[in-house]
Amino acid sequence: MCDQTFVAATFGPCDNCTTASPLMNIYIKNEAINYCSFCVEVMACQGLQKGESLANLKRECESLKKKLEEERGKLNDVELHQVAEKVEVVGALSIKTRRVLKGHGNKVLCMDWCKDKRRLVSSSQDGKVIVWDGFTLNKEHGMTMPTTWVMACAYAPSGCAVACGGLDNKCSVIPLSLDSNENLAAKKKTVAMHTNYISGCTFTNSDMQLLSSSGDGTCALWDVESGQLLQSFHGHTADVLSLDLAPSETGNTFVSGGCDKKANVWDMRSGQNIQSFECHESDINCVKYYPSGDAFASASDDATCRFFDLRADREVAVFQKDSIIFGASTVDFSLSGRLLFAGYNDYTMNVWDVLKGNRVSILFGHENRISRVRVSPDGTALCSASWDNTLRIWA
Amino acid sequence: MTIRTTRPDRVQHFRPRMHCLKKVEAIVVEMQDQKGGVKGSEQKLNVTTIPHVLAGSDIIAWIANKMKTTPEEAQAFGTMLVAYGYIYPLQNHKKLVMCNDTSLYRFQVESIKAALKQKVANRSIVYLSISQKITFDQYRRQNIFYQQAIMRSKVKSSVSIGALVKYITTYKNHDPFLAPCLPSNPWQTDHDAYWSLNTRRVDLPTKMRVERWSFSLFELLSDLRGRDDFKIFLKKEFSGENLAFWEAAEELKLGTASSMSTKAETIFKTFLAPGAPRWINIDGRTMGLTVKGLDHPHRYVLEAAQTHVFLLMKKDTFFRYLKSPVYKDIQKKALNPETHNFSPAQLEQNANSRSPGIHPIILWQQEEEEKAKAAAASAPVDVKAVMSKIDRKK
């Protein structure tokens with residue numbers, strides 16, 4: 001558990017304007033202060049003061065960046081593979097396709113599991129969103145969105161609704177019903193509104209809040225009932241392609257990855273960017289937290305997947321091979337965190353041993369690129385969605 | 001409400017979106033090499049002869065040798081070359097895949113020429129981008145970020161990596177990809193006993209589930225069945241108010257914006273007001289901050305108090321629970337299902353009769369009913385009402 005987010009003062013009177021609000025913990029001349037996000041914005045945007053210039057701000061920026069690298073380096077006393085030497089190897093895995101879900105007429109772009117461990121929702125390029133019972137292969141609901149390229153879909157924690165969004169720049173929540181024939185698209189409610197496409201969405205720990213990431217470079221937290229914007233997250237300098245909520249006891253942070261090659265960790269309460277990692281050589285397509293919430297993995301167009309330790313604040317492993325040339329589009333961990341499943345643009349999935357860094361298995365079967373890979377909530381199965389119009393469930 | 005970024009419109013760089021193609025093209029050029037490349041031949045087709053024809057199996061063997069991979073992987077890579085148009089199939093034009101047999105292929109000459117040109121031109125490529133002008137406010141923001149990142153406490157790698165490894169070791173036997181599920185993985189045997197034994201309100205949980213509760217307070221509280229068991233223990237200790245407060249604070253944090261002020265008021269009356277029926281024992285400073293914040297309730301107004309209570313439960317109550325007769329009792333009674341051993345005929349039967357399970361909407365409705373009942377049962381007793389009832393009976 002990242003202790004920093006536990007202990008820091010997060011709500012109270014702002015040191016500058018005294019309004020009670022969520023606080024950002026920042027430093028002015030090495031002194032710790034707590035400002036609300038508005039005061040931080042004002043401080044950042046105020047005109048150049050006497051003695052300040054663009055050049056010396058740039059110099060300060062570079063020297064601070066160097067100092068951060070030094071600080072990170074000081075704690076680098078052991079490598080992951082060294083600690084992993086004492087751990088036994090993973091036995092041979094025999095993962096087979098157990099279900100093939102056919103029904104989409106076009107590329108399947110996204111999928112998400114329901115907490116009941118068997119239902120899932122998937123969305124495709126032609127605007128269709130389908131809710132399936134993966135176990136019986138029964139299609140429970142089919143909805144058509146008034147947009148193509150539905151790139152994001154999520155199942156609500158209660159199992160009573162789904163959210164989806166794409167090129168319409170909006171993320172809508174659709175309540176599900178027990179009646180398969182009901183026209184659910186009529187009851188959909190627009191919650192998130194961005195100025196560019198929606199690349200990812202997820203509910204927080206309840207049906208009442210939705211987190212969205214967008215091609216406009218921002219992420220946002222919304223109140224589902226009123227459509228109100230609760231918090232926005234600015235910091236990426238290009239499209240944000242993916243986000244994931246931390247599975248921690250406080251559930252207050254999330255990580256996002258984008259086309260600016262950065263993966264940023266955010267505090268949901270104040271909107272503050274608390275950590276940032278720039279190690280990839282190309283766009284980050286997907287980010288996913290490690291089950292304990294203390295680390296995360298990312299998949300990128302540079303054909304590597306990387307593993308970042310949040311407490312040590314650095315990259316601790318790179319999963320790559322000379323023979324893997326095509327970009328990785330999606331990653332997910334198995335329940336214990338030992339295995340990392342990654343889907344690639346060369347139609348295959350690689351299974352990596354997180355501790356030892358080697359590839360344990362390669363899964364063939366799809367006939368086009370893999371857009372999304374997700375392990376079921378109880379870890380019993382893996383679902384992969386692909387541009388070949390099908391989804392596969394592996395176990 | 002729409003989000004608008006207040007930053008100036010940045011011109012998107014010409015990003016080399018196909019980061020991988022440079023590597024692919026280098027390999028394709030090598031494949032074409034007279035000496036070390038794939039051996040081609042002439043192919044007679046009616047009256048014409050097609051030069052430089054390659055067999056799929058030869059291409060795959062070359063790739064497998066060059067990249068030191070299995071034939072399967074080489075075939076997957078070969079399919080990519082066909083998909084991206086570097087190689088085209090002479091026979092089956094519609095399906096762009098590489099087959100590991102005598103199917104015939106040719107290189108797309110144009111794409112090779114272009115790749116060779118690219119090698120020369122690479123140095124003089126001008127990115128169609130206006131070099132991004134970073135404004136002074138962006139530098140300020142970056143500086144603010146770097147300063148807090150430097151001051152942020154970090155942990156030594158040996159400690160944090162050790163914790164990651166410990167997590168894996170703890171959960172190793174609970175990971176269905178690494179250890180078998182008892183009685184069987186529903187996706188493998190088409191029998192859903194594993195799910196029906198682990199439902200929300202099952203009477204007797206399985207041994208694996210009970211073991212998982214002992215891993216952390218987070219696990220215990222996330223599994224609602226475990227939370228129920230924890231509540232039984234807390235009731236015996238007369239210290240249920242901490243968990244009740246934590247649950248109420250979670251509801252406030254994750255609830256709708258409109259319900260916030262009523263929830264905040266109820267929480268104040270029940271847990272924080274002096275003399276409240278379920279008064280929680282938190283330090284004076286936190287209490288002061290919280291009460292003050294409740295004047296203008298905000299979603300995160302209870303953060304400090306909630307964290308304090310959670311840490312208290314995590315460091316003290318949780319460990320006492322694990323040593324308590326309540327936990328030891330459920331550990332003893334927990335079920336240990338036998339591994340399923342289905343014959344092929346039985347597996348087929350299972351596949352034909354997959355159970356539909358209970359719909360999550362119905363489960364949710366049941367949960368809401370139970371919650372309402374529990375809330376009514378645990379509401380603070382109105383002593384005056386009870387006394388007047390007794391008086392009336394007299």
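About the cut-offs
- Starting afresh in each chain, residues are numbered from 1 along the sequence in its written order.
- A letter from A marks each chain and a number from 1 marks each ligand, given out in the order of writing.
- Local features in a predicted model are, by the rule used here, given only for residues with pLDDT of at least 70; side-chain atom pairs are given and counted only at 80 or more, and totals for whole chains, interfaces and linings are based on all residues.
- Excluding hydrogens and water, the side-chain figures rest on all heavy atoms present in the structure.
- In what follows, residue pairs with any heavy atoms lying within 4.5 Å of each other are defined as contacts.
- A simple way to read buried area is as the amount of 1.4 Å-probe accessible surface that goes missing from two parts once joined, with both sides added.
- The working definition used for a salt bridge is a side-chain nitrogen of Lys or Arg within 4 Å of a carboxyl oxygen of Asp or Glu.
- By the criterion applied in these results, polar contacts are pairs of N or O atoms within 3.5 Å in which, for protein atoms, one can donate a hydrogen and the other can accept it, and in which residues neighboring in sequence qualify only through two side-chain atoms.
- Strands here are runs of E lasting at least two residues and helices are runs of H or I lasting at least four, both read from the DSSP assignment and numbered beginning at the N terminus.
- Three classes are used, and their members are as follows: Ala, Val, Leu, Ile, Met, Phe, Trp, Tyr, Cys and Pro are nonpolar, Asp, Glu, Lys and Arg are charged, and the others, Gly among them, are polar.
- We call two strands paired when DSSP finds no fewer than two bridges between them.
- Here an axis means a line fitted to C-alpha atoms, over the contact stretch when the element is a helix, while the angle between two N-to-C directions is reported on a 0 to 180 degree scale.
- UniProt positions are given in the numbering used here, feature names are shortened, and annotations may be inferred rather than shown by experiment.
- What counts as a ring pair is set by centres within 6.5 Å for rings of Phe, Tyr and Trp (its six-membered ring), and what kind of pair is set by the plane angle: stacked under 30 degrees, edge-to-face over 60, tilted for all other angles.
- Only protein chains enter the calculation, and the probe is 1.4 Å; a residue is then buried if its accessible area is under 20% of its type maximum, exposed if over 50%, and partly exposed in between.
- Placement of a charge over a ring requires the Lys NZ or Arg CZ to be within 6 Å of the ring centre, with the centre-to-atom vector within 35 degrees of the ring normal.
- A helix's residues, less one, multiplied by 1.5 Å, set its expected span.
- By nonpolar core is meant a set of buried Ala, Val, Leu, Ile, Met, Phe, Trp, Tyr and Cys residues that side-chain atoms within 4.5 Å join together.

With that settled, the discussion passes to the interface of chain A and chain B. Taken residue by residue, the interface counts 147 residues in chain A and 103 residues in chain B. Approximately 11,100 Å² of surface area, both sides summed, lies buried where chain A meets chain B, with 64% of it carried by carbon and sulfur atoms. Where chain A packs against chain B, one counts seven salt bridges. Close ionic contact of R269 of chain A with E303 of chain B constitutes a salt bridge, the shortest N to O distance being 2.5 Å. Summed over the shared surface of chain A and chain B, the result is 33 residue pairs in polar contact (both at pLDDT 80 or more). Per-element tally for the side of chain A that touches chain B: the top contributor is helix α3 (residues 54–74) of chain A, with 11 residues. Here the side of chain A that touches chain B is composed, by residue class, of 64 nonpolar, 43 polar and 40 charged.

Let us look at the sheet that holds strand β10 (residues 161–165) of chain A. Residue and element names in this part refer to chain A. Here four strands make up an open sheet; going across it, the order is β9-β10-β11-β12 and the pairing antiparallel. The open sheet has two edge strands with one neighbour each: β9 (152–155) and β12 (189–193). Direction aside, neighbouring strands of the sheet carry axes that sit 20 degrees apart on average. With five bridges connecting them, β10 and strand β11 (residues 170–175) associate as antiparallel partners. Of the residues in β11, the one forming a bridge with A163 is V173.

The UniProt feature table records "domain: RGS" (unreviewed entry) at residues 216–331 of chain B. Counting secondary structure, residues 216–331 of chain B comes out at 73% helix and 0% strand; the distance between its end C-alpha atoms is 16 Å.

So, on to the packing of aromatic side chains. This model, assessed by the stated rule, comprises 30 aromatic pairs over all chains. Between W187 of chain B and W195 of chain B, the ring centres sit 5.7 Å apart and the planes meet at 80 degrees, which makes this aromatic pair edge-to-face. Given the relative accessible area of 1%, W187 of chain B is considered buried. On the basis of relative accessible area, W195 of chain B is assigned to the buried category, the value being 8%. A network of ring pairs unites the aromatic residues Y290, F307 and F333 of chain A together with Y167, Y171 and F215 of chain B as a single cluster. One Lys or Arg, K107 of chain A, reaches over the ring of W387 of chain A and ends 5.1 Å from the middle of that ring.

With that out of the way, let us pick up helix α11 (residues 224–237) of chain B. All names here are of chain B. If you check α11, its first and last C-alpha atoms are 20 Å apart, about what 14 residues at 1.5 Å a residue would give, namely 20 Å. Within α11 the residues assigned to the buried category are R225, G226, R227, D229, F230, F233 and L234. Contacts from the buried residues of α11 go to α9 (207–213), α10 (217–222), α12 (241–254), α15 (303–323) and α16 (325–333). The positive-phi residue at the C-terminal boundary of α11 is F238, with phi of around 55 degrees.

So, about the nonpolar core. Grouped together as the largest cluster of nonpolar side chains are 49 residues, with contacts concentrated most on F254 of chain A together with F230, F245, L272 and Y321 of chain B. With residues up to four places along the chain from it excluded, the contact list for F254 of chain A reads L211, C219, F233, L243, D244, L245, A246, N264, V265, W266, M268 and Y289 of chain A. Membership of the second largest hydrophobic core comes to 33 residues, among which are L80, Y290 and L355 of chain A together with Y171 of chain B.

This part takes up the UniProt feature "coiled-coil region" (unreviewed entry) in chain A. Residues given the UniProt feature "coiled-coil region" (unreviewed entry) here are residues 51–81 of chain A. As a span, residues 51–81 of chain A carries 74% helix and 0% strand, and end to end its C-alpha atoms are 49 Å apart.

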